[in-house]
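What follows is the residue order along each chain.
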Amino acid sequence: MLGQAYLQRDSGGGYDPGTMRLAKYLILLVSLFVRAYGQNPGLREVEAVYPDSHALYVDLHQNPELSSHETQTAAKLAGRLRSLSYEVTERVGGTGIVAILKNGPGPTVMLRTELDALPVEEKTGVSYASKVRVKEDAGRDVPVAHACGHDLHMAAIVGTAAIMAHSKNTWRGTLMLIGQPAEETISGARAMLDDGLLKRFPRPDVAVALHVGNTIPAGQVGIVPGIYNTNADSLRITIYGKGGHGSAPHTAIDPIVIAARTILALQTIASRETKPGDMAVVTVGYIQAGTKNNIIPDQAELGLTVRTNKAEVRKQVLAAIARITKAEAEAAGAPRPPLLDHYEGTDFVYNDPALAQRLRGTLESALGKSNVVMEQPITASEDFSYYVEQGIPGFYFSLGGADPEKLAQAKASGTMLPSNHSPLFAPDVDPALHTGILAEVAVLRELLNGN
């Protein structure tokens, strides 16, 4: 019946080959799911909580909030977790929440999700797409969207929380759920730690988190032992010039021209200053200058993100940025040196290799061996590293979010699906959310077994 529902006749009276292939794929998928459902009690648990988790996902997706402003988002998670008998503390490190469920003696395991969204205009075309616009901290009117998948992470953790609360006979110890604000500004983890996260609450023996993306198919997870991602540094550079009339540039010192030269020169750091094979990324994400086409402004601002995975390379790249920026301004006769503001930073996330190997087996048992893949480190960054730096062994893994057919087509054509932070980023929610909950429950039960 399922296959027949998807079959369509072509204009010649036969069945369209494309829809026939899709029908066969769906029939196979359903048969595999039914077979696995009967063999895996975890799938039945996920199905029981899935409707509420999916409804929460849609709600969060439609109502995103920017970093450090996640008041309604945090309240929604806090309310659901309280209803499950978790002891919930709100406003930790700003809008962060901590939910504790104690279940006898045993280890303390922390599972973290992020709360915040991005200043991105959603263009996915889904029926529940975000239409939210707000005034950001600088006063600009911006669109807001969950273009990084944090809404799916939150929906998964609530589903996981429900299963763990309803199956306390399967684990022992203390489960600590974290709803962290401001991950996108790599400041939320530090804020929660500064607010006494490890002093006011039980200190975790292990910290766990996941992140959805479009590099692997929905239904799979990815593991990277050791270094998972990169150091991140955010820089704001103000270049000073001398304003004047656009028709008389000789009477001015143009900061836009200085900025342009600086941007090009910065690209030589990775290509000509760092050792081949050492990872270094220097991206200028924005340039802001001027108000009118015939006015030379008196300053320009650049926003940079820098990614590295070695301490010595990080130091070298940041020093090179400062040197080049100052030299370009001096060469142009700028009235004063540029101002460099290093306002954000975080180290790379490190996965404890022994822990990663242990949980690889756990995930293979829960999802099937073919659905657990070993990946290479990525160039994105995030502040989960702050928890690991406190001496807590960490396990941060990838959750597949790509539609399998679209991913296969993209690979065949040599293209890529929209990445996180793209206005077109839209994970394949149904398989991904099921898999996320199933994976989190399996990992928590393995870690909360009293050892």
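Definitions and cut-offs
Residue positions are given per chain, counting from 1 as you read along its sequence in written order. Selection of residues for local features in this predicted model requires a pLDDT of at least 70, selection of side-chain atom pairs for listing and counting requires 80 or more, and totals for whole chains, interfaces and linings are taken over all residues. By convention in this description, side-chain values take in all heavy atoms of the structure and omit both hydrogens and water. In this description a helix means any DSSP run of H or I spanning at least four residues, a strand means any run of E spanning at least two, and both kinds are numbered starting from the N terminus. Contact between two residues is taken to exist if any of their heavy atoms lie within 4.5 Å; hydrogens are not considered. Think of it this way: DSSP has to see at least two bridges between two strands before they count as a pair. The axes used here are C-alpha line fits, helices contributing only the stretch in contact, and every angle between their N-to-C directions lies in the interval 0 to 180 degrees. For every residue, the accessible area obtained with a 1.4 Å probe (protein chains only) is divided by the maximum for its type, and the residue is called buried under 20%, exposed over 50%, and partly exposed between those limits. What sets the label is the angle itself: under 35 degrees gives roughly parallel, over 145 gives roughly antiparallel, 65 to 115 gives roughly perpendicular, and the rest give oblique. Handedness of a crossing is defined here by the sense of rotation of the near helix relative to the far one, left-handed for an anticlockwise turn of less than a right angle and right-handed for a clockwise turn. Put simply, a salt bridge is a Lys or Arg side-chain nitrogen that is within 4 Å of an Asp or Glu carboxyl oxygen. Put simply, a nonpolar core is a bunch of buried Ala, Val, Leu, Ile, Met, Phe, Trp, Tyr and Cys residues held in one set by side-chain atoms that sit within 4.5 Å of each other. In this scheme Phe, Tyr and Trp rings, the latter by its six-membered ring, pair at centre separations within 6.5 Å, and the angle between planes marks the pair as stacked below 30 degrees, edge-to-face above 60, and tilted otherwise. Only when the NZ of Lys or the CZ of Arg is both within 6 Å of the ring centre and within 35 degrees of the ring normal is a charge said to sit over the ring.

1. Looking at the side chain of T73
Line of reasoning, step 1. By the element assignment, T73 lies in helix 4 (residues 71-83).
Line of reasoning, step 2. Aside from chain neighbours lying at most four places away, what touches T73 is L60, N63, E65, L115 and M154.

2. Topic: the sheet that holds strand 15 (residues 339-346)
Line of reasoning, step 1. Sheet architecture is open: four strands sit in the order 12-14-10-15, paired in antiparallel fashion. Lying at the two open borders of the sheet, with one neighbouring strand each, are strand 12 (280-289) and strand 15. Across the sheet, the mean angle from the axis of one strand to that of its neighbour is 15 degrees, orientation sign disregarded.
Line of reasoning, step 2. Pairing of strand 10 (residues 231-240) with strand 14 (residues 299-308), which is carried by 10 bridges, proceeds in the antiparallel orientation. In the sheet register, S234 faces strand 14, and the bridge partner there is T305.
Line of reasoning, step 3. Packing of helix 8 (residues 255-273) onto the sheet brings it into contact with strand 10, strand 12 and strand 14, and relative to strand 12 it is tilted by some 170 degrees.

3. Observations regarding unusual backbone geometry
Line of reasoning, step 1. A positive phi is found at A182, a non-glycine position, where the angle reads about 55 degrees.
Line of reasoning, step 2. With respect to the helices and strands, the residue A182 is situated in the loop between strand 6 (173-180) and helix 6 (188-194).
Line of reasoning, step 3. Positive phi, normally seen in glycine, also occurs at H421, with a value near 80 degrees.
Line of reasoning, step 4. Along the polypeptide, H421 turns up in the loop between helix 12 (404-413) and helix 13 (429-447).
Line of reasoning, step 5. Taking relative accessible area as the criterion, H421 reaches 39% and is therefore assigned partly exposed.

4. Thoughts on the packing of helix 5 (residues 150-166) against helix 13
Line of reasoning, step 1. The interhelical angle for the contact between helix 5 and helix 13, taken along N-to-C directions, is 45 degrees, at an axis separation of 9 Å. The angle between helix 5 and helix 13 falls in the class oblique. Every pair of crossing elements has a handedness; the one defined by helix 5 and helix 13 is right-handed. Where helix 5 abuts helix 13, its residues L152, A155, A156, I157, G159, T160, I163 and M164 lie against V429, A432, L433, G436, I437, E440, V441, L444 and R445.

5. Here we look at the pattern of salt bridges
Line of reasoning, step 1. One pass over the structure, following the stated rule, counts 17 salt bridges.
Line of reasoning, step 2. Residues E273 and R323 are paired through a salt bridge, measuring 2.6 Å at the closest nitrogen-oxygen approach. You can see E273 sitting in helix 8 and its partner R323 sitting in helix 9 (residues 311-331), a full 50 residues away along the chain.
Line of reasoning, step 3. E273 sits in the partly exposed class, given a relative accessible area of 27%.
Line of reasoning, step 4. The class for R323 is partly exposed, based on a relative accessible area of 45%.

6. A closer look at the nonpolar core
Line of reasoning, step 1. Of all hydrophobic cores here, the largest spans 66 residues; its most connected members are Y86, L175, L177, V208, L363 and F395.
Line of reasoning, step 2. Ignoring any residue separated from it by four or fewer positions in sequence, one finds L177 in contact with L81, Y86, I97, V98, A99, L111, I157 and A161.
Line of reasoning, step 3. A189, A207, V349 and Y387 belong to the second-largest nonpolar core, a separate cluster that totals 23 residues.

7. Details of the packing of aromatic side chains
Line of reasoning, step 1. The full count for this structure, using the stated rule, is five aromatic pairs.
Line of reasoning, step 2. Ring plane angle 75 degrees and centroid distance 5.9 Å describe the contact between Y57 and Y128, whose orientation is recorded as edge-to-face. A residue pair is termed long-range when its members are at least 10 positions apart, and Y57 in helix 3 (residues 41-62) and Y128 in the loop between strand 3 (108-114) and strand 4 (133-135) qualify at 71 residues. In terms of burial, Y57 and Y128 fall into one category: buried.
Line of reasoning, step 3. Of the aromatic side chains, those joined through ring pairs into one cluster are Y228, F384, Y387 and Y396.
Line of reasoning, step 4. The lysine or arginine in question, R236, covers the ring of Y343, its NZ or CZ lying 4.0 Å from the ring centre.
Line of reasoning, step 5. Over the aromatic face of Y240 sits the side chain of R336, whose NZ or CZ is 3.9 Å from the ring centroid.

Purely spatial values, then, with no claim about function.
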